[in-house]
Amino acid sequence: MLTDYHLHLRPDDADATAERSQTPANAERYRLVASEQGIEELGVSEHIYRFRQALELWRHPFWERYAVDDIDEYCAFVREQTDLRLGIEADFVAGAEDRTAALLESRDFDYVVGSVHFIRDGAVDMDDFGVWDPKRPDLSPDRIWSRYFETVAESARSGLFDIIAHPDLVKIWGSAHPERVPDRDPRFYYEPAVEAFAEAGVAVEVSTAGRRKPVGEIYPARAFLEMCLEAGLPLALSSDAHRPADVGAGYEQALELLDELGVRELSVFEGRRRRLEPIGATA
């Protein structure tokens, strides 16, 4: 079985609306590409910051800009008008764990994808609201990477999430911004995250989205993935597609990597319960 649980029916365009993206026809476009790629298990996990209810968790200006949809209308659409698994990509907001749990547990998600895009108020993956500031020595690449992986570890230990998404997102800039990459061996940063994943028993996402970013490689890095496997962690495979054409994009390379590392099973979710299924495309 192949899966793609981390995808968004709504693109990132500022003028994208739920009315245009949350339609059976749009969902079918994603399903069609998934079928062509041999992907049987397909799920949608829209960004939590798209929903008005998320402002009960955090009122960051970026969230306030985009929080216009209703989360219950989204859940009803997926359940009643599609055959997709129902998920959500929920940012970890330190200090809002109880409120986040209340929001998530009151809906019947099949899985919750946890992600870290911000360190406190600064974003690691975009220049708007970005954390990167060469004029501040307290925000050196070493400090930012350390804080990022500490936050990823904290997100896993929170118990809020079933899958940890793109767990080394901080590397997104790659050679486009070499000044944002620390000199230290990256395995130094991975270790606390891997320990937290193992304690929490979460699945780690293998995401091909990184191949479409400046870094040009899969999340997580091979060394990070090897550490996860040494710790006995289950994996989830996703593309983080924001348009139909990207569903399953880069899976050939991801599956080759997983095969080289001896991975034979992927996580499958239903009703927030995980099981493992053998890897294999559907004919």
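Above: the structure in question.
Criteria and cut-off values
- Residues take numbers from 1 onward in each chain, read along the sequence in its written order.
- At least 70 in pLDDT is required for a residue's local features to be given in this predicted model, at least 80 for side-chain atom pairs to be given and counted, and no such filter applies to totals for whole chains, interfaces and linings, which use all residues.
- Excluding hydrogens and water, the side-chain values take into account all heavy atoms of the structure.
- Only DSSP runs of H or I reaching four residues or more are called helices, and only runs of E reaching two or more are called strands; each is numbered from the N terminus.
- Only C-alpha atoms enter the radius of gyration, while the globule expectation follows 2.2 Å times N to the 0.38, with N the number of residues.
- A simple rule labels every residue: compare its accessible area, found with a 1.4 Å probe on the protein chains alone, to the largest value its type can have, and call it buried under 20%, exposed over 50%, or partly exposed in between.
- The contact rule is simple, with two residues in contact once any of their heavy atoms fall within 4.5 Å.
- We get accessible surface area from the Shrake-Rupley algorithm with a probe of 1.4 Å; when it comes to residues, only the shown protein chains can shield them.
- His is not counted here, nor are the chain ends, while Lys and Arg score as positive and Asp and Glu score as negative.
- Charge coordinates come from a single atom per side chain, which is NZ of Lys, CZ of Arg, CG of Asp or CD of Glu.
- The definition of a nonpolar core used throughout is a set of buried Ala, Val, Leu, Ile, Met, Phe, Trp, Tyr and Cys residues joined through side-chain atoms within 4.5 Å.
- Two strands qualify as a pair provided DSSP detects at least 2 bridges between them.
- By convention a crossover is right-handed if, when the strands point away from the viewer, the path from the first strand over the helix to the second runs clockwise.
- We call two N or O atoms a polar contact when they sit within 3.5 Å, provided that within protein one can donate a hydrogen and the other can accept it, with sequence-adjacent residues counted only if both atoms are side-chain atoms.
- Throughout this description, the term salt bridge denotes a Lys or Arg side-chain nitrogen within 4 Å of a carboxyl oxygen of Asp or Glu.
- To estimate how far a helix should extend, the number of its residues minus one is multiplied by 1.5 Å.
- The directions considered for the arc are those from the helix axis to the C-beta atoms.

From N to C terminus, the chain includes 9 helices and 11 strands. Computed over the C-alpha atoms, the radius of gyration of the chain is 18 Å, within 12% of the 19 Å expected from 2.2 N^0.38 for a compact globule of 283 residues. Dimensions of the chain along its principal axes, counting C-alpha atoms only, are 50 × 45 × 35 Å. Within the span of the chain, comprising 283 residues, buried residues form 57% of the whole. At a minimum sequence separation of 6, the contacts of the chain that also span at least 24 residues come to 73%. Surface exposure of the chain reaches about 12,200 Å², of which carbon and sulfur atoms provide 46%. Computing the positive centroid from 32 side-chain charges and the negative centroid from 55, the chain places the two 2 Å apart.

With that settled, consider the nonpolar core. Formed by 89 residues in total, the largest nonpolar core has its most connected members in W63, F109, Y148, F149, F197, F224 and V247. With 7 residues, the top contributor of residues to this core is helix 6 (residues 141-157).

The subject of this paragraph is the pairing of strand 8 (residues 203-207). Burial analysis of strand 8 places 5 of its 5 residues in the buried class, the great majority of the element. Neither face of strand 8 is exposed, since A203, E205 and S207 on one face and V204 and V206 on the opposite face are all buried. With 2 bridges joining them, strand 7 (residues 163-164) and strand 8 adopt parallel strand pairing. Along strand 8, the bridge assignment pairs I164 with V204. Crossover strand 7 to strand 8 through helix 7 (residues 187-200) is right-handed. Direction of pairing for strand 8 relative to strand 9 (residues 235-238): parallel, over a ladder of 4 bridges. Among the inter-strand pairings, S207 is bridged to a residue of strand 9, identified as S238.

Taken in spatial order, the 7 strands of this open sheet run 1-2-3-4-7-8-9, and their pairing is parallel. At either end of the open sheet lies a strand with only one pairing partner, and these are strand 1 (3-4) and strand 9. Where strand 1 lies against strand 2 (residues 41-47), 2 bridges are found, and the strand directions are parallel. By the bridge assignment, D4 is partnered in strand 2 with L42.

With an omega of -10°, the peptide bond between Y219 and P220 qualifies as cis. Residue placement: P220 occurs in the loop between strand 8 and helix 8 (222-230). Within the chain, R120 stands out as a residue other than glycine whose phi angle is a positive 55°. You can see R120 is positioned in the loop between strand 5 (118-119) and strand 6 (122-123). You will see that D240, though not glycine, has its phi angle at about 55°, which is positive. If you trace the backbone, D240 turns up in the loop between strand 9 and helix 9 (251-260). Accessibility expressed as a relative area gives 10% for D240, which makes it buried.

Let us now look at the side chain of R85. Its place among the elements puts R85 in strand 3 (residues 85-91). R85 gets classed as buried once you look at its relative accessible area, which sits at 19%. Here the side chain of R85 touches E41 through a polar contact of 3.3 Å, side chain to side chain. Beyond its immediate sequence surroundings of up to four residues, R85 is in contact with Y5, E41, L42, G43, V44, V78, D110, Y111, F269 and E270.

Moving on, we get to the pairing of strand 4 (residues 111-115). Burial runs high along strand 4: 5 of the 5 residues are buried. Residues Y111, V113 and S115 of strand 4 are buried on one face, and the alternating residues V112 and G114, pointing to the opposite face, are buried as well. In this fold, the crossover linking strand 3 to strand 4 by way of helix 5 (residues 97-105) has right-handed handedness.

For the rest of this paragraph, the subject is the pattern of salt bridges. In the structure shown here, the tally under the stated rule is 22 salt bridges. Between K171 and E217 there is a salt bridge whose closest N-O contact spans 2.6 Å. Placement of the pair is K171 in the loop between strand 7 and helix 7 and E217 in the loop between strand 8 and helix 8, with a sequence separation of 46 residues. In this structure K171 comes out as buried when scored by relative accessible area, which is 8%.

Attention now goes to helix 7. Given a rise of 1.5 Å per residue, 14 residues ought to cover 20 Å, and the 20 Å separating the end C-alpha atoms of helix 7 matches this to within 8%. Burial in helix 7 covers these residues: Y189, Y190, A193, V194, A196 and F197. One side of helix 7 carries all its buried residues, which in axial view fall inside an arc of 165°. On its buried face, helix 7 sits against helix 6, strand 7, strand 8 and helix 8. Phi turns positive one or two residues past the end of helix 7, at G201, with a value near 70°.

In short, geometric facts, not functional conclusions.
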